[in-house]
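# Residue-level structural notes
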Amino acid sequence: MPLKSNYLSNFCLIFLVAFVAHRIYRWQRLRHIPGPTSAAWTIWWQLSSALSGRYHERLKEAADTYGPLVRIGPNQLLSIDPEVLRRMSAVRSGYTKGKFYASGKIVPGVDNVVSLRDPTKHKEMRALMAPGFAGKANEGFSFEAAMDRQLLSFISLLERKYVSSGSDVRPFDMAEKTQFFALDAIGDISLGQPFGYLEKDQDLYQYNEINTTSLPVMNVVSVMPSLANLVHTWPLRLLLPKEGDQVGFGRLMHFARSYVETRLDPKTPRAHDMMQAHIDNGMTKNDLIQQVFLSIIAGSNSSAHALRMTLLSLITSPPAYSALIDEIRRASPSVSSPITWAQTQSLPYLQAVIREGLRMWPPVGGLGFKTVPPEGDYLNGYFVPGGTEIGQGFHGLGRSKAVWGPDADVFRPERWLAAQGDALRDMTNAVDTHFGYGKYSCLGKPIALMELHKAVFELVRRFDFCVVNPETPIKTTASIFLFASDFWVTLTKRNL
Ligand code: HEM
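The protein chain is annotated in an unreviewed UniProt entry as Cytochrome P450 monooxygenase from Hypocrea virens. As its UniProt record puts it under Cofactor (unreviewed entry), the protein chain is described as follows: "heme".

What follows concerns the overall build of the protein chain. When helices and strands are tallied, the protein chain shows 22 helices and 12 strands. Computed over its C-alpha atoms, the radius of gyration of the protein chain comes to 24 Å, within 12% of the 23 Å expected for a compact globule of 496 residues. Dimensions of the protein chain along its principal axes, counting C-alpha atoms only, are 90 × 60 × 45 Å. Within the protein chain, the proportion of its 496 residues that are buried is 52%.

Moving on, we get to the sheet that holds strand β12 (residues 488–493). In spatial order, the strands read β4-β12-β9; together these 3 strands make up an open sheet with antiparallel pairing. Only two strands of the sheet have a single neighbouring strand rather than two, namely β4 (172–173) and β9 (463–467). Of the strand pairs in this sheet, β9 and β12 are connected by 5 bridges, and their pairing is antiparallel. Bridge pairing links V467 to V489 in β12.

Turning to the coordination of the iron atom of the ligand, a few remarks are in order. You will see that the iron atom of the ligand has only one donor from the protein, C442 (SG), lying 2.3 Å away. Within the secondary structure, C442 is located in the loop between α21 (421–432) and α22 (445–462).

In this section: the site of the ligand. Of all residues adjacent to the ligand, which total 29 residues, the nearest are Y101, H122, R126, K370 and C442. In this structure, an oxygen atom belonging to the ligand sits 2.6 Å away from a side-chain N or O atom of R126. Q392 places a side-chain nitrogen or oxygen 3.1 Å from an oxygen atom of the ligand. Sorting the residues of the shell around the ligand by element identifies α5 (119–133) and α14 (285–315) as the ones contributing at least two each.

The rules behind each value
Here the residue index of a chain counts from 1 through its sequence in written order. It should be noted that, the model being predicted, local features are given only for residues of pLDDT at least 70 and side-chain atom pairs only at 80 or more, the latter also being counted only at that level, while totals for whole chains, interfaces and linings use all residues. Excluding hydrogens and water, the side-chain values take into account all heavy atoms of the structure. UniProt positions are given in the numbering used here, feature names are shortened, and annotations may be inferred rather than shown by experiment. Here a helix means four or more residues in a row that DSSP labels H or I, a strand means two or more in a row labelled E, and each is numbered from the N terminus. Here the globule rule reads 2.2 Å times residues to the power 0.38, and the radius of gyration is calculated from C-alpha atoms. A 1.4 Å probe rolled over the protein chains alone gives each residue an accessible area, and that area as a share of the maximum for its type sets the label: buried under 20%, exposed over 50%, partly exposed in between. For two strands to count as paired, DSSP must find a minimum of two bridges between them. Listed donors are limited to N, O and S atoms within 2.8 Å of the metal, widened to 3.2 Å for Na, K and Ca; water is not among them, so incomplete-looking sites are possible. Summary of the distance rule: residues count as near a molecule or strand when at least one heavy atom falls within 4 Å of that molecule or strand. What qualifies as a polar contact is a pair of N or O atoms within 3.5 Å, subject to a donor-acceptor requirement within protein and to the restriction that residues adjacent in sequence count only when both atoms come from side chains.

Spelled out as structure tokens, the structure:
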């Protein structure tokens, strides 16, 4: 018996020594890179920040304190340097997707373009998707016509139900309505039909409600990617949404499957939408189902948040708001209704507003870690060993005083009009990193930019907005995407 307990205590001792030695080894690998002290030892700093709902702000504070390359975990760094972000994702870069991307898997065991970490498979999937998202297909498949239909439907909803006049005051939550618009727009563009959010003016199948409660879970999984595999195993997977569910994500899964089966049925007539381009390009049924999920999740949360934060910034910045109204007033008689994408490109103040909104409020909160190639790399004066993971700090970059100057926290579209030459090019490159870059760049960027330019122009052309709660105009939470609620506004008709 004493012999047995001796074995056990020796085993425990060896385990403890090995554990401590491993921790010390991990700590010393990156000890030359500054960061919060506790972050260097465990992932608790990341996890507690992610759980706080203010992860983006905690990361920015860390970068403000420690510099553009900051250690946020035992093997994790964060970069807010636009050059580093571009270097990591450049087409020929040796960096690859980090473990973070496991959190992008939507259905257990099935990869999509976001979760695919193998560089060859990811490249092949992007090639399959590219024609559906490409500018040429945009024309052929009338992306702009679909966007216009849903923009007019959005305006019609606001005119029908929410115009205030005199003592008839009709406050409404613009956070919710922008989500409805973004969902119907991406539905019409990618699936050839809107989901009906704008027509019904309600959260169909509680999708939004469940979306906003499950995104924080994805956020935690993104900090602890091993959880992604764990939650997909029995018995935890019994808690995950299922196709038979009547609400939320399970309902979406059922919709995606039956929608794709109908589209693949030889009796279904050909359509003019992104899905048709994917079918024509030879995507499998499983890949097509993933496209439906991606369109809804990646295509609605980000655009909706960018739109609502740009609107909020505008209506709470009187000089910018009046300058945009002036530009719209001058342009109005000569542009179509809704304004075309091409016409928006001749309105410098509108373009400056959209860039400034994206700069200050990047809608993607997930860090999209990339793994440093085996030979290591030199970044911001530090040697970073191979295998280190580096996250993309979009919020910190958008507010970096080193990049934007001392007024980085101020919504001032004029900065885009004043800049010229190399300075303007650097600013544009920096804000563009909010869409990712190179081999990992956002495939929906042209759709998002079209949506933002058209919607801001047409909303401000028709309505005057006012926040209802000046003390807390909106509530936001950081997760894989930033999301919002309680953006209470009133609007009155404007005739330009
Ligand atoms: C303002 C709006 C948007 C922003 C800021 C944005 C930003 C991003 C970012 C940061 C990434 C990841 C880059 C990385 O992994 O390093 C991404 C990927 C992606 N986005 Fe967007 N996005 C927006 C709108 C959209 C829309 C409307 C769609 C349409 C469906 C879309 C589809 C995608 C897809 C498919 C990917 C995966 C690309 C890949 O892994 O190769 N996004 N986006």
